[in-house]
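Chain residues, written in single-letter form:
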Amino acid sequence: MNPLEHPNTPAPQRASVVVVGAGPAGLTVGNILRRAGVDCVVLETETREFIERRPRAGVIEEWAVRALEQRGLAENLLRKAQRHTACEFRFDGRQHRFSYQELTGRHHFVYPQHLLVTDLVREYTDVRDGDIRFGVRDVQVHNVDTGRPSVSYTCPQSGQRQVVHCDFVAGCDGARGVTRRVLPPEQYRVARHDYGIGWLSLLAEAPPSADCVLFGVHEDGFAGQMPRSPEVTRYYLQCPPGDDPANWSHERVWAELRRRLAAAGAPELVEGRLIEKRMLDMHDYVVEPMASGRLFLAGDAAHLVAPIAAKGMNLALHDAFLLGDALVAHLMPDACGDTAGSDRGDGDSGLEGYSEACLRRVWDYQEFSQWLSDVYHGQAAGEPYRAGTTLARLRRLFTSPLAAAAFAEQYLGAAERY
Ligand code: RFL
């Protein structure tokens, strides 16, 4: 029950698990816990309306959808998501379609992140009777290095500090969260990478201009098209880091997209009103290990991967499956049959092996993003040598079946083991 709907009922101040953050990672952990009957509290700084409308990712890998399905979390997704079987590179003024389903038998699902979040919130609160507290302020995590951790916050209604005592804290509060900061500095390291480029991230009120993801590799810079729904399409334009979105008028955006995505025989881009225009400074980080004491980080709280290969939400879900299952196994050993034989992603890691099991896939996806970044941006680097090697990499995907198969496996996150 949501205590905010019943302001006279005091919110329970003890739970087995406190989940900080109601993004894909936190809500998936919460749902797995509730399905097994574990009591937990999810704390979220934003309102429910806000998180159910926040547009972000769209591409979900097939293994992640199967793992959601096994946990009873993919009903709407399976009904409404588009299936993508190919992507298209545009370079040398031509279209080069890459049919990854033909190579692997697998596809991508395209389902906007806010719809997944909406489904997960509804399932957690309305079906699994989960406790979620929206609009909380000044969240602080305490004593995770002891057997008695707690999380405190300011209640938006009363303005009073509340403390929830727990056994475990799941830090799922994204890239700007607070849970990561509780890790003792001497016990972890943060590996960072800055690409030194910016992407203008756009949402257009327009149908996609092609039936698949487009990657335009152009000497003026990368351009991408990611279909989201029949009405809305995401576009990206490479630009200098720190560029101001105000420098990009409607006319300039569409002229640049048309130039960088041009290819013989390609249909005209379908233009539409730009409903989101933000600058992304492209960078990555990885926190190692992803746990300390009774605190376990998941998703962007632990690792960020620039949206080059559409991997961030997939990694967040992978962490959440491993963490949710490991917490259930620890807290409710009798309930473990619930997910027995299910797709845990990378095996039954338990809480002990959680960080290591997550990080294997995290580093693999980071490496692929680096590789793909070189392909996307090499033509525009202003160096003939890099332009030459970029084109060689691209051509290899369409001339070498082995190179194509390796690319397809990484693009889909479909390796047997990580
Ligand atoms: P989220 O989604 O950021 O959720 C964290 C939640 O925590 C809340 N929060 C707090 N709550 C309590 N206390 C605090 N102190 C808090 N601080 C923050 C926040 O309000 C929020 O609700 O993290 P999570 O769950 O780890 O999920 C990660 C994904 O959101 C992210 O990796 C993806 O969006 C990345 N990404 C993509 N990933 C894909 O797999 N496929 C894609 O196609 C894809 N496209 C994208 C993307 C990210 C993008 N942006 C915004 C950089 C496209 C874009 C433009």
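What counts as what
One numbering rule holds for all chains: residues counted from 1, following each sequence as written. Residue-level local features of this predicted model are given only where pLDDT is at least 70; pairs of side-chain atoms are given and counted only at 80 or more, and the full residue set underlies all totals for whole chains, interfaces and linings. With hydrogens and water excluded, all non-hydrogen atoms of the structure serve as input to the side-chain values. The helix and strand labels rest on DSSP assignments: H or I over at least four residues marks a helix, E over at least two residues marks a strand, and numbering proceeds from the N terminus. Each residue is assigned to one of three classes by its accessible area relative to the maximum for its type, calculated with a 1.4 Å probe on protein chains only: buried under 20%, partly exposed between the two thresholds, exposed over 50%. Any two residues having at least one pair of non-hydrogen atoms within 4.5 Å are treated as being in contact. Residue burial considers only the protein chains on display, and all accessible areas are found by Shrake-Rupley using a 1.4 Å probe. For the purpose of charge, His is not counted, nor are the chain termini; Lys and Arg are scored as positive and Asp and Glu as negative. Charge positions come from single atoms, namely NZ of Lys, CZ of Arg, CG of Asp or CD of Glu. Cysteine sulfur atoms are paired as a disulfide whenever they come within 2.5 Å of each other. These domain boundaries are the output of an automatic or database domain assignment. Using a 1.4 Å probe, buried area is obtained as the accessible area two parts lose upon being combined, added over both of them. In the sections that follow, a salt bridge refers to a side-chain nitrogen of Lys or Arg positioned within 4 Å of a carboxyl oxygen of Asp or Glu. By the criterion applied in these results, polar contacts are pairs of N or O atoms within 3.5 Å in which, for protein atoms, one can donate a hydrogen and the other can accept it, and in which residues neighboring in sequence qualify only through two side-chain atoms. Put simply, a residue is near a molecule or strand once any heavy atom of it comes within 4 Å of that molecule or strand. Residue classes follow a fixed rule: Ala, Val, Leu, Ile, Met, Phe, Trp, Tyr, Cys and Pro count as nonpolar, while Asp, Glu, Lys and Arg count as charged, and any other residue, Gly among them, counts as polar. DSSP bridges decide pairing: two strands pair if at least two such bridges lie between them. Pairing of aromatic rings covers Phe, Tyr and Trp, the last through its six-membered ring, and needs centres within 6.5 Å; plane angles under 30 degrees mean stacked, over 60 mean edge-to-face, and all others mean tilted. Angular values range over 0 to 180 degrees, each being the angle between N-to-C directions of two axes fitted as lines to C-alpha atoms, with helices fitted over their stretch in contact.

A.B. asks: I'm lost on the overall build of the protein chain in this one. Help?
C.D. replies: Counting its regular elements, the protein chain contains 11 helices and 20 strands. Principal-axis analysis of the C-alpha atoms gives the protein chain an extent of 65 × 45 × 45 Å. Taking all 418 residues of the protein chain together, 56% fall into the buried category. Taking the intrachain contacts of the protein chain between residues at least 6 apart in sequence as the baseline, contacts between residues at least 24 apart amount to 72%. Surface exposure of the protein chain reaches about 17,600 Å², of which carbon and sulfur atoms provide 48%. Placing the 46 positive and 55 negative side-chain charges of the protein chain at their respective mean positions leaves the two points 1 Å apart.

A.B. asks: How should the state of the cysteines be read in this particular structure?
C.D. replies: By definition, a disulfide links the sulfur atoms of two cysteine residues through a covalent bond. Evaluation of the coordinates by the stated rule reveals 0 disulfides. You can see Cys40 has no disulfide; the closest cysteine sulfur is in Cys172, sitting 11 Å from it. By relative accessible area, which is 6% here, Cys40 ends up buried.

A.B. asks: What's the story with the domain arrangement of the protein chain in this structure? I'm lost.
C.D. replies: When the domains of the protein chain are assigned, the result is domain 1 (3–78 + 112–190 + 284–366) and domain 2 (86–108 + 195–282 + 381–412). Distance between the C-alpha centres of domain 1 and domain 2: 31 Å. Roughly 1,500 Å² of surface becomes buried between domain 1 and domain 2 when both sides are summed, with 54% attributable to carbon and sulfur atoms. Contact with domain 2 buries area across many residues of domain 1, yet Glu62, Pro307 and Ile308 alone supply 34% of it, more than any other trio. On inspection of domain 1 and its partner domain 2, the count reaches 0 salt bridges. Where domain 1 touches domain 2, the interface holds 6 residue pairs in polar contact (both at pLDDT 80 or more).

A.B. asks: How should the site of the ligand be read in this particular structure?
C.D. replies: Surveying the vicinity of the ligand reveals 38 residues, the closest of which are Glu44, Arg54, Arg56, Gln113 and Met313. At a separation of 3.2 Å, an oxygen atom of the ligand approaches a polar backbone atom of Pro24. Measuring from an oxygen atom of the ligand, one finds a side-chain N or O atom of Arg56 at 2.8 Å. For the ligand, whose accessible area on its own is 1,000 Å², the fraction buried by protein is 91%. Secondary structure elements with two or more residues in the shell around the ligand: helix 1 (24–35), strand 16 (233–239), strand 17 (273–288) and helix 8 (312–331). For the shell around the ligand, the leading source of residues is helix 8, giving 4 residues. Classifying every residue of the shell around the ligand gives 17 nonpolar, 11 polar and 10 charged. Counting the residues that make up the shell around the ligand, at least three belong to each of domain 1 (3–78 + 112–190 + 284–366) and domain 2 (86–108 + 195–282 + 381–412).

A.B. asks: Looking at this structure, I do not really get the pairing of strand 14 (residues 213–216). What am I missing?
C.D. replies: Within a regular strand, the side chains alternate between the two sheet faces. Every second residue of strand 14 is oriented toward a common face, with Val213 and Phe215 on one face and Leu214 and Gly216 on the other, all of them buried. As paired elements, strand 5 (residues 87–91) and strand 14 share 4 bridges and run parallel to each other. Looking at the pairing, Cys87 lines up with Val213 of strand 14. Taken together, the 3 bridges between strand 14 and strand 15 (residues 223–227) define a ladder with antiparallel strand orientation. From the neighbouring strand, Phe215 faces strand 15, where its bridge partner is Gly224. Joining the antiparallel neighbours strand 14 and strand 15 is a turn of 6 residues, in which Gly221 adopts a positive phi near 130°.

A.B. asks: So what exactly am I meant to see when it comes to the pattern of salt bridges here?
C.D. replies: Pairing is possible between side chains that carry opposite charge, provided their charged atoms lie close to one another. Scanning the entire structure with this criterion turns up 22 salt bridges. Salt-bridge contacts for Lys311 lead to Glu61; the nearest nitrogen and oxygen are separated by 2.5 Å. Residue Lys311 is found in the loop between strand 20 (303–304) and helix 8, and its partner Glu61 is found in strand 3 (residues 59–61); the two are separated by 250 residues along the sequence. Here the two residues Lys311 and Glu61 agree in accessibility, since each one is buried. With a shortest N-O distance of 3.2 Å, Asp211 and Arg97 are connected by a salt bridge. Pair noted here: Asp211 is in the loop between strand 13 (189–205) and strand 14 and Arg97 is in strand 6 (residues 94–98), with a separation of 114 residues, a long-range link. Residue classification places Asp211 among the exposed residues on the basis of a relative accessible area of 53%. A single network of salt bridges, built from pairs that share partners, joins Asp220, Glu256, Arg259 and Arg260.

A.B. asks: What am I meant to see in the packing of aromatic side chains here?
C.D. replies: For any pair of aromatic rings, the description consists of the separation of the ring centres together with the inter-plane angle of the planes. Per the stated rule, a full pass over the model turns up 23 aromatic pairs. Ring plane angle 55° and centroid distance 5.7 Å describe the contact between Phe368 and Phe407, whose orientation is recorded as tilted. Note that Phe368 is positioned in helix 9 (residues 354–377) and Phe407 in helix 11 (residues 401–412), a separation of 39 residues in sequence. Each member of the pair, Phe368 as well as Phe407, carries the same accessibility label: buried. Ring geometry for Trp371 versus Phe407: centroids 5.9 Å apart, planes at 45°, classification tilted. Taken together, the residues Trp371 in helix 9 and Phe407 in helix 11 connect sequence positions 36 residues apart.

A.B. asks: Teacher, can you tell me more about the sheet that holds strand 13 here?
C.D. replies: Whether parallel or antiparallel, the strands of a sheet pair through hydrogen bonds between backbone atoms. Pairing within the open sheet is mixed, and its 8 strands lie in the order 6-5-14-15-16-13-17-20. Of all strands in the sheet, those with a lone pairing partner are strand 6 and strand 20, marking the two edges. Pairing analysis gives 14 bridges linking strand 13 to strand 17, with the strands arranged antiparallel. In the sheet register, Val190 faces strand 17, and the bridge partner there is Val287. Its contacts with the sheet place helix 7 (residues 250–260) against strand 13, strand 14, strand 15, strand 16 and strand 17, and it is angled at close to 85° to strand 16.

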